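What the coordinates show
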Amino acid sequence: MNTTHNLVVENEIGKTIRILRLDVGKTREEISHGLCSLSVLQRLEAGERFADKKLIDALIQRLGKSSDKFEFVLGKVEYEIHQKRIAIDHAFEMEEYDECRELLEKFAKECKKDDNLNLQYIQKMKFLLQDLEYHTVDEAEELILRMIRITSPNFCVENMEERLLCTEECKLIYLLALTEIEAERFEKATTILAKLSFYLEKHFSDVEERIKLYPQIAYSLSMCYEYYGQYAKEIEIAEKAIELLEENGRIYLLEELLECYKNGLFWEKEGKKIVLTEEEEEKKRELENQIEVLKQIQKEYGSSSRSGIGINTISHNYGGQEVHLIHEVLERKRRIKGLTQEQLSTGICEPETLSRLLNGKQTPNKNTYRMLAECLELDTERCRPYLSVEDYEIYEKQRRLGLYLQRSEYALAESLFSEIEKKLPQNIAKNKQFCLLVRTIIESRLGRMKWEERLRHLKEAIAYTIPNFSEVCIAQWPLCRQEIMILNDIANTYARLGNVNEALEIFKNIMEFYQTSEVDIFYHIETITMTIYNYTKWLGNLGRYEETIELYEKAIKINIDTGRGRILGGLLYGKAWSLRKISEINIKACQRYC
């Protein structure tokens, strides 16, 4: 292994949780209470054990942060449990209630009795399916409070601000408010929603986590304010949610929130027949146009999630974590290194055991996985951040840097990158790789670097983690997010230099990597969207319009289903451009025979 640039940093997730906990002055007892035993958290922080992904999610959320800053490598059993929950949520959102009950019943039988997080989820879904008996709204309220108290004992709405709550617990509080709305107890619902929106603003300093629930709460609260004619408050909460969505490139509930914002601005005046100023009329037209565009997109493509104020929005989730499977990662790297199963298992485990590990029938313990990963020169961590640094603020700055680069704000990006680079340990491969990648992008975009030099630097960057890049089949490599980003830039640079075929081969290999994985593309939304966007651009330049349209359709649907809008305009434009080119070709073909 290269000792100058280490691939392995031990116990990054445990260190992160410990540092975040100490930063906010909380004890292990406070953040683990109701989620896991104290000993489990102690061992996790010390790096002595792996933890279930949903437990890591909840612990980090209780500290006001998001685990979307990490890539997860899961055992097949754990991954399938997550997929079963997604299938249950999807059946419920599609109002396929019989299927939902059947899936939930099977899921409940497979869950451990002492798993509070899954127990809480099962109870929530039973409530939504109306399978828990209650006769009054007060009884329904008590049932929901009992669910919250599974992981947050002694919780009550009045002491919400004093609690450490994860996103799932906040969803249940939101469900409590929706139950009050359905019973037309708007005053109580408004109180709960106002407290919950304030809690999210104060507690979830990481917007990547806050955005997962805040738009729903803001929409419901806006409707309550509208009911009471409190238009100034409706405008304020809707505007906060719209700004959060726009800043983060999300469109989930944007149409509805824009409608609330418009109503707050103009309903009272129109009701009193006050003539709008020219400026107000222009603002109203602008909002109506935005709302109409969003309606047309929904009409054209639909969505797998039903928006609105009903309780069926409770299970909507549009996080952006990257997930990989242990057996896929190990098997891909074993084949690349040309090792037989017997050679790889020597000194680690029995060949029969390794065979079960590589086909996903068994999950390795921490020590076995570490030895296999070291032998294969892989990262030994199953939950790892995109950068190796102890300061969580750097992860948030990295995300903001990505937004600047996407918006072509290169001066801001350069300034922020300078701050990040100073904090990163430079003896770690992925940190060095990141710095070289970003520096190359900024320098070239600001006109300080020619395309040939850019390509040379990008190849140097990918070599930190894929040393023999030009000799391996990329489709077979266990690619991580940062490697896919660099490969996209390498391909684009090749195409800019006139070698379009080389570029297309790289894009084709990345797409094959996704297609040959068992992992749902939901867990690679950002990287697969980026790859399709770049791939189709060069396919279109070669006149392969049918292929581009098929890929555009796929990317558009993925982004709409998950409430993402940052690159949606480019995808829609690309599809329209391809359709127009096909029409021109068809017209010319017809003219030849006329």
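Residues numbered from 1 in each chain as written. Predicted model: local features only at pLDDT ≥ 70, side-chain atom pairs only at ≥ 80, totals over all residues. Heavy atoms only, no water.

**Section: the side chain of Arg163**
Stated precisely, the cut-off is as follows: Think of it this way: any DSSP run of H or I at least four residues long counts as a helix, any run of E at least two long counts as a strand, and we number them from the N terminus. Relative accessibility decides the category of a residue: with a 1.4 Å probe and only protein chains considered, values under 20% of the type maximum give buried, values over 50% give exposed, and everything between is partly exposed. Counted as positive: Lys and Arg. Counted as negative: Asp and Glu. His and the chain ends are not counted at all. Here, a salt bridge means any Lys or Arg side-chain nitrogen found within 4 Å of an Asp or Glu carboxyl oxygen. Any pair of nitrogen or oxygen atoms within 3.5 Å is treated as a polar contact; in protein, a donor-acceptor pairing is required on top of that, and neighbouring residues in sequence qualify only through side-chain atoms on both sides. By definition in these notes, contact holds between two residues if any of their heavy atoms fall within 4.5 Å.
Examined against the element boundaries, Arg163 turns out to sit in the loop between α8 (137-151) and α9 (167-182). For Arg163, which is buried and forms no salt bridge, the nearest opposite charge comes from Glu162, at a distance of 6.3 Å. Of the polar contacts made by the side chain of Arg163, one reaches the backbone oxygen of Pro153; its length is 2.4 Å. Here Arg163 is in contact with Ser152, Pro153, Asn154, Phe155 and Tyr199, once residues within four sequence places are set aside.

**Brief notes about the sheet that holds strand β1 (residues 70-74)**
What counts is decided by this rule: Two strands are counted as paired when DSSP detects at least two bridges linking them. Only the contacting stretch of a helix is used when fitting its axis, a line to C-alpha atoms as for every element, and angles between N-to-C directions run 0 to 180 degrees.
Ordered in space as β2-β1-β3, the 3 strands form an open sheet in which the pairing is mixed. Each edge of the open sheet carries a strand with a single partner, namely β2 (322-325) and β3 (383-385). If you compare each strand with its neighbour and ignore which way they point, the axes differ by 20° on average. Both β1 and β2 contribute to a ladder of 4 bridges, which runs parallel. Within β2, the residue paired with Glu71 across the bridge is Glu322. Running at roughly 65° to β2, helix α16 (residues 326-337) makes contact with β1 and β2 of the sheet.

**A look at empty space enclosed by the protein**
Empty pockets left among the atoms are what a rolling probe the size of a water molecule brings to light. Heads up, the condition is: Both site types are read off a 1 Å grid over the protein atoms alone. A 1.4 Å probe that fits but cannot get out defines a cavity, while an open set with protein on both sides within 12 Å along at least five of seven lines defines a pocket; lining residues have an atom within 4 Å of a point. Grid points are joined across faces, edges and corners, and a volume is the space filled by probe spheres set on the points. As a working rule, the residues Ala, Val, Leu, Ile, Met, Phe, Trp, Tyr, Cys and Pro are called nonpolar, Asp, Glu, Lys and Arg charged, and the rest polar, with Gly in that last group.
Counted according to the given criterion, the structure contains 3 cavities of 30 Å³ or more. Here the largest cavity is characterised by a volume of approximately 130 Å³. In this structure, the largest cavity is lined by 17 residues; those nearest its centre are Phe50, Ala51, Ile56, Arg382 and Cys383. Looking at the lining of the largest cavity, the element that brings in the most residues is β1, giving 3 residues. Computed from the structure, the second largest cavity encloses a volume of approximately 40 Å³. Taken together, Gly320, Gln321, Glu322, Tyr386, Arg481, Phe522, Tyr523, His524, Ile525 and Glu526 form the lining of the second largest cavity. Grouping the constituent residues of the lining of the second largest cavity by class yields 4 nonpolar, 3 polar and 3 charged.

**Some details on the nonpolar core**
The condition is simple: Definition of nonpolar core: a set of buried residues of the types Ala, Val, Leu, Ile, Met, Phe, Trp, Tyr and Cys, connected through side-chain atoms within 4.5 Å.
Ranked by internal contacts, the top residues of the largest apolar core, which has 163 residues, are Ile17, Phe127, Leu401, Phe434 and Ile490. Discounting chain neighbours no more than four positions away, the residues touching Phe434 are Leu387, Gln398, Leu401, Phe417, Ile420, Leu424 and Gln482. Membership of the second largest hydrophobic core comes to 16 residues, among which are Val73, Val329, Leu330 and Ala373.

**Digging into the environment of Arg370**
By the element assignment, Arg370 lies in helix α19 (residues 366-375). Judged by its relative accessible area of 28%, Arg370 falls in the partly exposed class. Separated by 177 residues in the primary sequence, Arg370 and Leu193 have C-alpha atoms spaced 46 Å apart. At 2.6 Å, the side chain of Arg370 forms a polar contact with the side chain of Asn367.

**A look at the pairing of β1**
In terms of residue burial, β1 counts as a mostly covered element, since 5 of its 5 residues are buried. Inspection of the sheet shows β1 paired to β3 by 3 bridges, in the antiparallel sense. Residue Phe72 lies in a different strand from β3, and its bridge partner there is Cys383.

**Topic: the layout of surface pockets**
For the largest pocket, the calculated volume is near 1500 Å³. As for the largest pocket, its lining consists of 46 residues, and the residues nearest its centre are Gly402, Leu405, Gln406, Met485 and Met530. For the lining of the largest pocket, the secondary-structure elements that each account for two or more residues are α20 (392-406), α22 (429-445), α23 (451-462), α24 (481-496) and α26 (525-541). Its residues assigned to classes, the lining of the largest pocket comprises 16 nonpolar, 15 polar and 15 charged.

**Let's talk about the pattern of salt bridges**
Scanning all chains against the criterion turns up 57 salt bridges. Asp52 is the partner of Lys54 in a salt bridge, and the nearest nitrogen-oxygen pair spans 3.2 Å. Under the relative-accessibility criterion, Lys54 is labelled buried at 15%. Looking at Asp52, the relative accessible area reads 24%, which means it is partly exposed. The partner of Glu584 in a salt bridge is Arg580, and the shortest N-O contact between them spans 3.5 Å. With Glu584 and Arg580 both in helix α28 (residues 568-592) and 4 residues apart, this pair spans about one turn of that helix. What emerges from the salt-bridge pattern is a single network uniting Asp138, Glu141, Glu180, Arg185 and Lys188.

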